[in-house]
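# Residue-level structural notes
As a plain string of letters, each chain reads:
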Amino acid sequence: MVAQQVKTIFQEKYRGVGRMLIACPDRPGIVASVSKFLFENGANIMQSDQYTQDPEGGMFFMRIEFFKEGIEDSIDELRRAFASVADEFEMNWKITLASRPKKMVIFVSKEDHCLRELLWNWQAGDLNAEVTMVISNHEDSRELVESLGIPFYHLPVTAETKAEVERKQRELMEGNVDFIVLARYMQILSSYLVEHYRNRVINIHHSFLPAFIGGKPYDQAHKRGVKIIGATAHYVTEELDAGPIIEQDVSRVSHRDNVGELKKEGRHIERIVLARAVKWHIEDRILVDKNKTVVFT
């Protein structure tokens, strides 16, 4: 019921709306050619954002939202027509339907604050996503997830079973995923998953890394008397917690805050930062350039 209500909200809100994302070597004529193409194909530009990395030989990035009557039935034709423009400018590009919900799979362990934030945003109609399943190495969140009609899969992980579990995860997600969110999933993904879902796995972690590596980072931070705590959302790469950063935020703390208070504030920031990153990914606002991101917000 919730899923259908959310889908209906976005179908009505974004009916006829398409999005175009472009990354290519910068040169004169890109904006003019793209605008001309959209005009000649009966589309009206609603919003346009662009960024030039370096005016002399850098990369050019662009995001456009446009309206085209009946685009839901003609998007494949529009993509085929745009291919010639894209080839001319050596573009890495995509055209998407704003009304189409992205299939989101959430991975979670025991801590459920990020999971709850995502599900609340989804229920509130703020995320145009279809939560196709939640996968966990613990049973703790089953009741919460299944109460919303979302499939929940409990797949315990050990060093000996890791490869087998990841094969099972991919099998479950086949045809049911556009992107994955690690909502405090306390397992390191192998290249088997990372390579298959390149720039489609979003993770959240405390911003103490690499200053406070390993267990009990808040205890370490408290002992050092930190004055700022925060969180970072990023795409997952083979290098642990070093992928392209999507969003970050911080909060000031003081010597009066104990470890429990630091953890509470840290969880609050993690929830907000992850929800922002997921929303921006869903809305096609992120372009990845090597190990950096361009985020049009």
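Since we're looking at a predicted model, the values are computed, not measured. (Residues numbered from 1 in each chain as written. Predicted model: local features only at pLDDT ≥ 70, side-chain atom pairs only at ≥ 80, totals over all residues. Heavy atoms only, no water.)

## Topic: helix α6 (residues 162–173)
- Over its twelve residues, α6 extends 16 Å from the first C-alpha to the last, a length consistent with the 16 Å expected when each residue adds 1.5 Å.
- Buried within α6 are the following residues: V165, E166, Q169, R170, L172 and M173. All buried residues of α6 fall inside an arc of 160 degrees around its axis, so they share one side. Looking at α6, the residues exposed on the side facing more than 90 degrees away from the buried face are E164 and E171.
- Elements that come into contact with the buried residues of α6 comprise β5 (102–108), β6 (129–136), β7 (152–154), β8 (179–182) and α7 (191–194).
- Looking one or two residues beyond α6, the residue adopting positive phi is G175, at roughly 80 degrees. (Helix = DSSP H or I, 4+ residues; strand = E, 2+ residues; numbered from the N terminus. Expected span 1.5 Å × (residues − 1). Buried < 20%, exposed > 50% of the residue type's maximum accessible area, 1.4 Å probe, protein only. Arc of directions from axis to C-beta. Contact = heavy atoms within 4.5 Å.)

## Looking at the environment of D284
- Inspection of the secondary structure puts D284 in the loop between α9 (259–282) and β12 (286–289).
- The buried category is assigned to D284, whose relative accessible area is 2%.
- For the pair D284 and H205, spaced 79 residues apart in sequence, the C-alpha to C-alpha distance is 22 Å.
- Discounting chain neighbours no more than four positions away, the residues touching D284 are R19, L21, R63, K94, T96 and K102.
- Of note is the side chain of D284, whose polar atom sits 3.4 Å from the side chain of R19. (Polar contact = N/O pair within 3.5 Å; in protein donor to acceptor, adjacent residues only side chain to side chain.)

## Considerations on the domain arrangement of the chain
- With domains assigned, the chain is organised as domain 1 (17–97) and domain 2 (102–295).
- Listed by partner, the interface residues are twelve residues for domain 1 and eight residues for domain 2.
- When domain 1 packs against domain 2, close to 860 Å² is buried across both sides, 53% of that on carbon and sulfur atoms.
- Together, L21, F61 and R63 form the three largest contributors to the area buried by domain 1 at its contact with domain 2, with a combined 48%.
- Residue D284 is joined to R19 by a salt bridge in which the shortest nitrogen-to-oxygen separation is 3.4 Å.
- Counting across the interface, domain 1 meets domain 2 through five residue pairs in polar contact (both at pLDDT 80 or more).
- If you list the elements that add at least two residues to the side of domain 1 that touches domain 2, you get β1 (17–25), β2 (44–52), β3 (59–67) and β4 (92–97).
- By residue number, the principal contributor to the side of domain 1 that touches domain 2 is β1, which donates four residues.
- Here the side of domain 1 that touches domain 2 is composed, by residue class, of six nonpolar, three polar and three charged. (Domains from an automatic or database assignment. Buried area = accessible area lost by both parts, 1.4 Å probe. Salt bridge = Lys/Arg side-chain N within 4 Å of Asp/Glu carboxyl O. Nonpolar A, V, L, I, M, F, W, Y, C, P; charged D, E, K, R; others polar.)

## Quick notes on the pattern of salt bridges
- The final tally for this structure, using the stated rule, is 21 salt bridges.
- Here R19 makes a salt bridge to E65, at a shortest N to O gap of 3.0 Å. One end of the pair, R19, is in strand β1; the other, E65, is in strand β3, with 46 residues separating them in the sequence.
- Here R276 and D249 are joined by a salt bridge, their closest N and O atoms 3.2 Å apart. With R276 in helix α9 and D249 in strand β11 (residues 245–252), this residue pair connects regions lying 27 residues apart in the sequence.
- Within the structure, one salt-bridge network assembled from shared partners comprises R19, R63, E65, K94, K102 and D284.

## Some thoughts on the side chain of S136
- With respect to the helices and strands, S136 occurs in strand β6.
- Not counting the four nearest positions on each side in its chain, S136 is found in contact with V108, S109, F152, Y153, H154 and L155.

## Observations concerning the environment of A3
- Note that A3 resides in helix α1 (residues 2–13).
- Taking the C-alpha atoms as reference, A3 lies 30 Å from A43; in sequence the two are 40 residues apart.

## Examining a positive patch on the surface
- Together, K216, K223, K263, K264 and R267 line one region of the surface with positive charge.
- At three residues, the largest contribution of residues to the positive patch is made by α9.
- Position of R267 relative to the elements: it lies in helix α9. (Patch = residues over 30% accessible without salt bridge, like charges linked within 9 Å, V, L, I, M, F, W, Y side chains within 5 Å. Areas by Shrake-Rupley, 256 points an atom, 1.4 Å probe, with all protein chains shown as cover. Lys, Arg positive; Asp, Glu negative; His and termini not counted. Charge placed at Lys NZ, Arg CZ, Asp CG, Glu CD.)

## What about the packing of aromatic side chains?
- A complete count under the given rule lists five aromatic pairs for this structure.
- Ring plane angle 10 degrees and centroid distance 6.1 Å describe the contact between F10 and Y14, whose orientation is recorded as stacked.
- F10 gets classed as buried once you look at its relative accessible area, which sits at 5%.
- Pairing F37 with F82 gives two aromatic rings, centres 5.0 Å apart and planes at 65 degrees, and the pair type is edge-to-face. Taken together, the positions of F37 in helix α2 (residues 30–40) and F82 in helix α3 (residues 71–88) put the pair 45 residues apart, joining distant regions of the chain. No difference in accessibility class separates F37 from F82, as the two residues are buried.
- What links up through ring pairs into an aromatic cluster is the set F37, F82 and W93.
- Between the NZ or CZ atom of R19 and the centre of the ring of Y14, over which it lies, the distance is 5.2 Å.
- Here the basic side chain of R170 rests over the ring of Y192, its NZ or CZ set 4.5 Å away from the ring centre. (Phe/Tyr/Trp six-rings, centres within 6.5 Å; stacked < 30°, edge-to-face > 60°. Lys NZ or Arg CZ within 6 Å of the ring centre and 35° of its normal.)

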